[in-house]
Amino acid sequence: MTGRVVIVTGANSGIGFEVARHLCEGGNDVVLACRSEEKGKAAVEKILAQNPNALATFMQLDLEDLSSVRKFVEDFHSTGKELHVLVNNAGMSYAFKDKTRRFTKDNFEMTMGINHLGPFLLTHLLLDDLKKTAEEGEDGEARIINVTSSMHDLSVRTNRSNNVQPLDMENFFLDKPSTYSGIQAYKNSKLAQILFTYELARKLEGSKVTVNCVCPGFIPKTGLVRHNSSATRFMVRHVLNPVFKVMKITRSLDQGSKAVVDVATNDKLKGVSGKYFSDMQEKTSSEESLKDDLQKSLYKLSARYCHLDGYEPLDAPEPPPPEEVVKTKSKKGKANKDEKQEAGASGEGEEDKGESSKDEAEAKVEDNKEIKFIDEDEKQVEKENQEKTEEVTEKNDEKKTDSVEDSGKEQTETVEEPVKEIKEKVEEEIKKVDVDTPIQQVPEIAAQ
Ligand SMILES: NC(=O)c1ccc[n+]([C@@H]2O[C@H](COP(=O)([O-])OP(=O)(O)OC[C@H]3O[C@@H](n4cnc5c(N)ncnc54)[C@H](OP(=O)(O)O)[C@@H]3O)[C@@H](O)[C@H]2O)c1
């Protein structure tokens, strides 16, 4: 498939950036729909630097705000372009044990808002464009791809060990006491994308517009773990990733993005709709996702929250009063500490003071360096695969010594990791993974 107009959301980093790059290489006209103008334009420049003939443009889209989604569609319409493919890739996750709910501009629980409701509205506002292209264009088709995750499945080990519950339509934003956690919200949002895919496929029957969802596989090197403590990020990216790579559990950015590009462009998938793909193959999604009644009720509720024509509009409840938010925020420090302990760091004593703000500062620095960081990671992947855990921990020892000598300089994440506890954590995580576990059964952020 070449010469098509494709919108890729969240295309400034991770899987989305690679998807956009591959699609540009294939001669398509790619709109990088990103919330940050700076990051979006930097991503376009990077694609153009590698491929000066690429048709890549940035357009602003913040899925956390439905008015931004509407504005994006207006801006897209003003370009006069047709639309052949929409890739709903953008997504986020809070630390799995995080108990602090956050809200979008429309008072949606943040994870559900960004991962499902924003893309739900975006898709509907672009449906007429896709239908028109499918009817009038040479291809006789148009496609929607929702990038979801094996984490939608309750039977995945990480969901089971974190006591993740089925989606409760009466508690859609997890506002009932003690029901919210980062992992519960992520699982619900990824399930919602699949339920939406199946119901929309039914509604689009006969329209020549297809909709499918795809799990790109476990790719620890993306920005998805950015909301985790520095200890967890270190563990996932630099300790577990090399080990899991050797065990062939993880996928590279290239593999994950090609899995998405395949569903978006493979001629063999013309006319295929309402399917779940993983590792370039059609797979059966979770039992929960196959429930017709849940697909329908999820679709209806989403349509009401997004104020779609033909549905009775519904507004999300007001978020809890600020006191409660402040109270739960102060718990975040504890959550980080717990997480850190779980990830194998000491999490005690002087180092813990101000950990939360330090994490936020690190996350900001990391966000700004996102594209560069991932590039560097990718270059190192092969090298890292050869490294043994012992070599990683040896480096930690060296860095720890350096930083003691030079305490005024910025500390690296590795400094915080006691070597013995990292080793124990790695051994613990390895024990949890069945070597023959298929990729769709493996959680993407195993360290959480
Ligand atoms: N990595 C994995 O192992 C894995 C496995 C299964 C599924 N997935 C899915 O793959 C997709 C891409 O994730 P990734 O791993 O590539 O993570 P990533 O590097 O963090 O990329 C996520 C992208 O989504 C964007 N985004 C976040 N919030 C947004 C918002 N409010 N509006 C618009 N864009 C927003 C981010 O933009 P900013 O940079 O501005 O935040 C970023 O460009 C996600 O849907 C994720 O759930 C990932």
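Residues numbered from 1 in each chain as written. Predicted model: local features only at pLDDT ≥ 70, side-chain atom pairs only at ≥ 80, totals over all residues.

Regarding the protein, the relevant UniProt record gives this comment under Sequence similarities (unreviewed entry): "Belongs to the short-chain dehydrogenases/reductases (SDR) family." (UniProt positions renumbered as here; feature names shortened; annotations may be inferred.)

Our focus in this paragraph is the overall build of the protein. For the protein, the count of helices and strands is 14 helices and eight strands. Across the 448 residues that make up the protein, the buried fraction comes to 48%. Taking the intrachain contacts of the protein between residues at least 6 apart in sequence as the baseline, contacts between residues at least 24 apart amount to 76%. (Helix = DSSP H or I, 4+ residues; strand = E, 2+ residues; numbered from the N terminus. Buried ≥ 20, exposed ≤ 12 C-beta atoms within 10 Å, placed from the backbone. Contact = placed C-beta atoms within 7 Å.)

Our next topic: the nonpolar core. Counting 103 residues, the largest nonpolar core has Val8, Ala20, Leu32, Val87 and Val260 as its most contacted members. For this core, the element with the most residues is helix α6 (residues 182–203), which contributes 11 residues. Discounting residues that sit within four places of it in the chain, alanine 20 has contacts with Val8, Ala11, Val30, Leu32, Ile47 and Ala56. (Core = buried A, V, L, I, M, F, W, Y, C linked by C-beta atoms within 7 Å.)

Let us look at unusual backbone geometry. Unlike most non-glycine residues, asparagine 107 shows phi in positive territory, near 65°. Following the sequence through the fold, asparagine 107 ends up in the loop between β4 (85–88) and α4 (110–136). On the basis of neighbour count, asparagine 107 is assigned to the partly exposed category, with 14 C-beta atoms found within 10 Å. Located in the positive-phi region is histidine 307, a residue other than glycine, with phi close to 55°. Following the sequence through the fold, histidine 307 ends up in the loop between α9 (292–305) and α10 (322–342). With 14 C-beta atoms packed within 10 Å, histidine 307 lands in the partly exposed category.

Here we come to the packing of helix α3 (residues 66–79) against α4. Orientation of α3 relative to α4, taken along the N-to-C sense of each, is 25°, at an axis distance of 10 Å. When the axis of α3 is compared with that of α4, the two are roughly parallel. As α3 runs across α4, the sense of the crossing is right-handed. Where α3 approaches α4, its residues Leu66, Val69, Arg70 and Val73 are matched on the opposing element by Gly118, Leu121, Leu122, Leu125 and Leu126. (Axes fitted to C-alpha atoms, helices over the stretch in contact; angles between N-to-C directions. Parallel < 35°, antiparallel > 145°, perpendicular 65-115°, else oblique. Left-handed = near helix turned anticlockwise from the far one by under 90°.)

Helix length check: helix α8 (residues 253–265), at 13 residues, gives a terminal C-alpha distance of 18 Å against a target of 18 Å (1.5 Å per residue), a fit within 8%. Leu253, Gly256, Ser257, Ala259, Val260, Val261, Val263, Ala264 and Thr265 are the residues of α8 that are buried. (Expected span 1.5 Å × (residues − 1).)

So, on to the pairing of strand β5 (residues 142–147). Among the six residues of β5, six are classified as buried, and the element is accordingly described as predominantly covered. Of the two faces of β5, the one holding Ala142, Ile144 and Asn146 and the one holding Arg143, Ile145 and Val147 are both buried throughout. In this sheet, β5 lies alongside β4 in parallel orientation, the contact comprising four bridges. By the bridge assignment, valine 85 is partnered in β5 with arginine 143. For the crossover from β4 across α4 to β5, the handedness is right-handed. (Pairing = 2+ DSSP bridges. Right-handed = clockwise from strand over helix to strand, strands pointing away.)

To continue, consider the site of the ligand. As a matter of local geometry, the ligand sits amid 31 residues, with Gly10, Gly14, Gly91, Thr222 and Gly223 nearest to it. Residues that form the shell around the ligand fall into these classes: 13 nonpolar, 12 polar and six charged. (Near = placed C-beta within 6 Å. Nonpolar A, V, L, I, M, F, W, Y, C, P; charged D, E, K, R; others polar.)

By the secondary structure assignment, proline 216 is in the loop between β6 (209–215) and α7 (230–246). Under the C-beta neighbour-count criterion, proline 216 is labelled buried, with 29 such atoms within 10 Å. With sequence-adjacent residues up to four places away left out, proline 216 is seen in contact with Ile15, Val147, Arg251, Gly256, Ser257, Ala259 and Val260.

We now examine α7. Because an α-helix completes one turn every 3.6 residues, residues spaced three or four positions apart along the sequence face the same direction. With 17 residues, α7 should cover 24 Å at 1.5 Å per step; its first-to-last C-alpha distance of 23 Å lies within 8% of that length. The principal kink in α7, of about 45°, is found at leucine 240, preceding the proline proline 242 by one to four residues. Within two residues after α7, lysine 248 carries a phi angle of roughly 60°, on the positive side. (Bend = angle between axes of the 7 residues up to and from the residue.)

Let us now look at the confidence of the model for the protein. Per-residue confidence for the protein gives a mean pLDDT of 79, with 71% of residues at or over 70. Counting contacts from residues 326–419, a segment whose pLDDT is below 50, to residues more than four positions away or on other chains yields 107 contacts. Predicted confidence for residues 433–448 stays below pLDDT 50, and this span has 45 contacts to residues more than four positions away or in other chains. (pLDDT = per-residue confidence, 0-100.)

The next subject is the sheet that holds strand β8 (residues 281–283). Across the sheet, which stays open at both edges, the eight strands sit in the order β3-β2-β1-β4-β5-β6-β7-β8 with mixed pairing between neighbours. Each end of this open sheet is capped by a strand with a single partner; those strands are β3 (55–60) and β8. Neighbour-to-neighbour, the strand axes of the sheet open up by a mean angle of 25°, direction not taken into account. Sheet strands touched by helix α1 (residues 14–25): β1 (5–9), β2 (29–34), β3, β4 and β5. Its angle to β1, the strand with the most contacts, is close to 165°.

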